[in-house]
Structure formats: C-alpha cells, structure tokens
Amino acid sequence: MNPGATMQYIPYPTWLSPEIIPGLPFRWYGLKYLFAFATAYLLFQWQVKKRKLTVPSDLVMNMFFWAIVGLLLGARLFSTIIYDTTGRYLREPWLIFWPFGDNGQFTGFMGMSYHGGVVGAVVAIVIYCKIHKIDTLDWGDMLVQGIPLGYTFGRLGNFINGELYGKVTDSPLGMLFPQAQALPTNLDWVVDIANKVGIAIPDGAAFINLPRYPSQLFEAFFEGIVLWLILWFFSRTHKPFKGFSIALYMFGYGLFRFFIEYFREPDPGLGFVLKFGPKDNPPELFQSLLNFSTGQILNFLMMAGGVIVLVACKLYADRRLKAESFDPEASLADEQAAERKKQRRKTRKKLK
C-alpha cells in the first residue's frame, strides 16, 4: 500500500442486515418484494379510479395474483436454468423451488431473473385477460406505469443483501461489500487498485476484497425512479395508441439496464458472452464497451422487442381507426356507381 494513500471508497453500512429480526426467517428482500407488488397494485387502482372505469376490485386482485405467480415461476426458472453454470438444478430439479439451503436453514428463493419474471408475468396476464375478455393492451399500459417504482424496492433488497454488486473500481463511488468475492493478490491490477483506494494487503494474504460499483442503487434509480417518471409523464401528456406505454417501458428498461450492465459484474461462470474488445478483460473490470454480458444480450433483445411492439400496436391502431371510420352506406353507393358504369361500357360495346 502507498503510505500516502487515503481511503478512496465508501464502506458498506455495517448496520444493514438481510434479516429483519436476527434468528427469524423474515428477510428484507422478501419484504421489499411485497412493497413492490403493493406499489404496482395501488398505482394500477389509482389509474382505474382516475379514468372512472367500472372494474370489479376482485378482477384486478386476481389478475395481480396470477401475474405474481407467473413472475415467480419465470424468474426462478430463468435464474436456475439459464444463469446456473454448475448444472445442479438440471440434475436436481426439485431444488428449483426448494426454499432451504444445504444446511437446512430457510433462505427463500435466492436467485431470481428479472427477464424470466417478465416472460412469466406476461404469459399469465395475457391468458387471464383473454379468459375474462379484458383489453390486454389497455390494462398492460396501466400496469407498466407502476412497475418501475415497485422495481425500485426489489433492487434496494438486493443492496441490503449485499448481492448483485458491480465491477471493481478505484472510483470514489466504489463501495466495499463484505460478501463480495475476494480477488487473488497475485494479479497486478488487484494490487494496483488496492494501492489506489488505500487498502492494505496483509503479508502473505492470498486474497483481498476490493470496492465495487453499487450497481443495485444505479438500477434502483434509473430503471426504477427515472423510468417511472418518464412513463408517468408520457401517459399524462402523450399516449397516441394502446400499447404505447408497454413499448416505451420495454425499450426504456432495456436501454437503462444495457448501459448499467457495464458497471455490474457478470454472473459467476458466464463472464462476457461476446468479446469484441480485449480478450483478456477480467469479468470484474470495466475495460471495454465492446465486451458484452448475458444481461446485455437479453436487454438488447428487450429493446428490439419494444420497437416491434411499438410498430405492431401502431399498425393495429391505424387499422382499427380505418375500420371505425368506414361508412357502409357510402361504400355501397360507390359499388353501385361502379356497377352502373360497368354496365354502360358493356352496352356501348354491344351497340358498336
């Protein structure tokens, strides 16, 4: 360590604990999920009242119930099948929904995939709306306007758990997460960053913890609060057709998350799935804009999906508008005039 160096990072708050009450199986992460669902539900109901829609409350409640079931199923399945590189859940699939750790302690479902949750929730909502003859696009627009604010609570839960932390940095924004993976001290860049941020490497230490970007807070702010403000603004000032808010949400979330992934460490064992930059780029460091993680690939697909939904909904709205403006009487008169004109031509040909 450089003797003149001072601490150039933010210590993780020691008063934070994943457990609400030590020793009891109630964790802040699970409570934040309840906050997220409650926030989305209340904002949806507020829009129903604002628009003076006649909607039975149990119809909304049941839709949220099945949406949550689909979300949890999709999130867990994606996390254990796509992001798990050990193959454990494929060998022992009953562990996918087993809420206890190897020591028998209740842990809940540690590991949930956002993109899997989206797929599961969308499937559940579409099926529910079709069964109950609900306008899926209209309800979807109202639903996505509350989701980002609820999502904020989920990322705060990740922060309290000390998980999903970002890449190593010597920036003043770096935070020393106690549960972060320690790094080998025989790597030059590890020693260099330790010296820059003022962390002493004990004699003989093989591994050391280094500051990381608090990417959970980045996501809570941009994918949560900022995206919610954008959607809420457009829904009040500019909503040209049904499905517009859905498309805006998909594209906006994918865009924010795509760039934040540059500061978030890829999932263990996956690293960068596409490397167009330096091949020796450690997954713990942000060295190139041309190395992409699995999360970035999924978010690019989500942005593309948002554009497709936008175009499809616009075409659908134009077609409906054209159908609604169709005047059958005028059309019949046009057909009759065309038929008379055709008959006159035939008559003239016979006379010739």
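Before reading on, note that the structure itself is shown above.
Residues numbered from 1 in each chain as written. Predicted model: local features only at pLDDT ≥ 70, side-chain atom pairs only at ≥ 80, totals over all residues. Heavy atoms only, no water.

### Concerning helix H5 (residues 136–144)
As a reminder of what qualifies: Working definition: with a 1.4 Å probe on protein chains only, accessible area under 20% of the residue-type maximum means buried, over 50% means exposed, and in between means partly exposed. Helix and strand assignments follow DSSP, with helices taken as H or I runs no shorter than four residues and strands as E runs no shorter than two, numbered in order from the N terminus. Contacts are residue-level and defined by heavy atoms, with any inter-residue pair within 4.5 Å sufficient.
Of all 9 residues in H5, 7 are buried; the element is thus mostly enclosed. Looking only at H5, the buried set comprises Asp 138, Trp 139, Gly 140, Asp 141, Met 142, Leu 143 and Val 144. If you follow the buried residues of H5, they end up packed against helix H1 (28–50), helix H2 (57–81), helix H4 (114–131), helix H6 (147–161), helix H8 (215–237) and helix H9 (244–260).

### Description of the packing of aromatic side chains
The geometry of an aromatic ring pair is captured by the separation of the ring centres together with the interplanar angle, meaning the angle of the planes. Short version of the rule: Planes of paired rings set the category: under 30 degrees apart is stacked, over 60 is edge-to-face and the rest tilted, where pairs are Phe, Tyr or Trp rings (Trp by its six-membered ring) whose centres lie within 6.5 Å.
Tallied over the entire structure, the rule returns 31 aromatic pairs. Ring centres of Phe 233 and Phe 234 lie 5.6 Å apart, and the angle between their planes is 85 degrees; this geometry places the pair in the edge-to-face category. Overall, Phe 234 belongs to the partly exposed group, its relative accessible area being 28%. With 6.3 Å between their ring centres and 65 degrees between their planes, Phe 276 and Phe 292 make a pair best called edge-to-face. Of the two residues, Phe 276 sits in the loop between strand E5 (272–275) and strand E6 (291–293) while Phe 292 sits in strand E6, which places them 16 residues apart along the sequence. Residue Phe 276 is classed as exposed on the basis of its relative accessible area of 57%.

### A word on the packing of H5 against H9
Applied cut-off: Each axis is a line fitted through C-alpha atoms, taken for helices only over the stretch in contact, and angles between the N-to-C directions span 0 to 180 degrees. By the definition adopted for this analysis, an angle is roughly parallel if under 35 degrees, roughly antiparallel if over 145, roughly perpendicular if from 65 to 115, and oblique otherwise. The hand of a helix crossing depends on one turn: near helix anticlockwise from the far one by less than a right angle means left-handed, and clockwise means right-handed. We call Asp, Glu, Lys and Arg charged. Ala, Val, Leu, Ile, Met, Phe, Trp, Tyr, Cys and Pro are nonpolar, and the rest, Gly among them, are polar.
Remark: H5 packs on H9, axes separated minimally by 7 Å, with the N-to-C direction vectors making an angle of 45 degrees. Between H5 and H9, the interaxial angle falls into the category oblique. As H5 packs across H9, the resulting crossing turns out to be left-handed. Taken together, the residues of H9 that come into contact with H5 (itself represented by Leu 137, Gly 140, Asp 141 and Val 144) are Phe 244, Ser 245, Ile 246 and Tyr 249. Residues that form the contact of H5 with H9 fall into these classes: 5 nonpolar, 2 polar and 1 charged.

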